Amino acid sequence: MRAAIIAISLLLSACVTTPVSVTGRYASRLSSSDVQQITALVSSRRDLGHPLRTIVALAPGRVRVFTRRQDGEHSWTGTSYFVVRRDAQWVVAQPDGFEASTERVVTIY
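Since this is a predicted model, take the numbers as computed values, not measurements. (Residues numbered from 1 in each chain as written. Predicted model: local features only at pLDDT ≥ 70, side-chain atom pairs only at ≥ 80, totals over all residues. Heavy atoms only, no water.)

A. The nonpolar core, seen in detail. With 14 residues, the main nonpolar core has Leu30, Ile38, Ile55, Val63, Val65 and Val83 as its most contacted residues. Listed by contribution, the elements that provide at least two residues to this core are α2 (32–44), β2 (52–59), β3 (62–72), β4 (75–86) and β5 (89–92). The element that contributes the greatest number of residues to this core is α2, accounting for 4 residues. If sequence neighbours within four positions are ignored, Ile55 has contacts with Val20, Ser21, Val22, Thr23, Leu30, Val35, Ile38, Val63, Arg64 and Val65. (Core = buried A, V, L, I, M, F, W, Y, C linked by side-chain atoms within 4.5 Å. Buried < 20%, exposed > 50% of the residue type's maximum accessible area, 1.4 Å probe, protein only. Helix = DSSP H or I, 4+ residues; strand = E, 2+ residues; numbered from the N terminus. Contact = heavy atoms within 4.5 Å.)

Below is the structure:
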């Protein structure tokens, strides 16, 4: 019985999404609450892209986020844009500082 529970636990843990990578010069200044707020913001804005992959801390209160979605076996699409902290809330930087880019990559072996 114990072996079955362990096997089921391992299978379910494989379904967990990829953790968000936090990098950049100011990464140590981002709290877990900041990362959670940024992740929630990206998840709530379907118009901005795909699942969050990386947060790059560029300055205190300013990050660039990168999203990425697998389009096929050998291709993916990604988007990046800036997010800033205003009045203790993380928001997408727009329109003055909004810069987004979309990239599609196809790998041929």
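B. Fine view of the packing of aromatic side chains. Applying the stated criterion across every chain, the model contains 0 aromatic pairs. A cation over an aromatic ring shows up here: Arg62 above the ring of Phe82, its NZ or CZ 4.4 Å from the ring centre. (Phe/Tyr/Trp six-rings, centres within 6.5 Å; stacked < 30°, edge-to-face > 60°. Lys NZ or Arg CZ within 6 Å of the ring centre and 35° of its normal.)

C. Examining unusual backbone geometry more closely. The phi angle at Asp87 is positive, at roughly 50°, despite the residue not being glycine. Asp87 sits in the exposed class, given a relative accessible area of 81%. At Ala88, a residue that is not glycine, the phi angle is positive and equals roughly 65°. Note on Ala88: relative accessible area 57%, which makes it exposed.

D. Just the environment of Val42, in detail. In this fold, Val42 is placed in helix α2. For Val42, a relative accessible area of 6% gives the class buried. Non-local contacts of Val42, meaning those with residues more than four positions away in its chain, are made with His50, Leu52, Val65, Thr67 and Tyr81.

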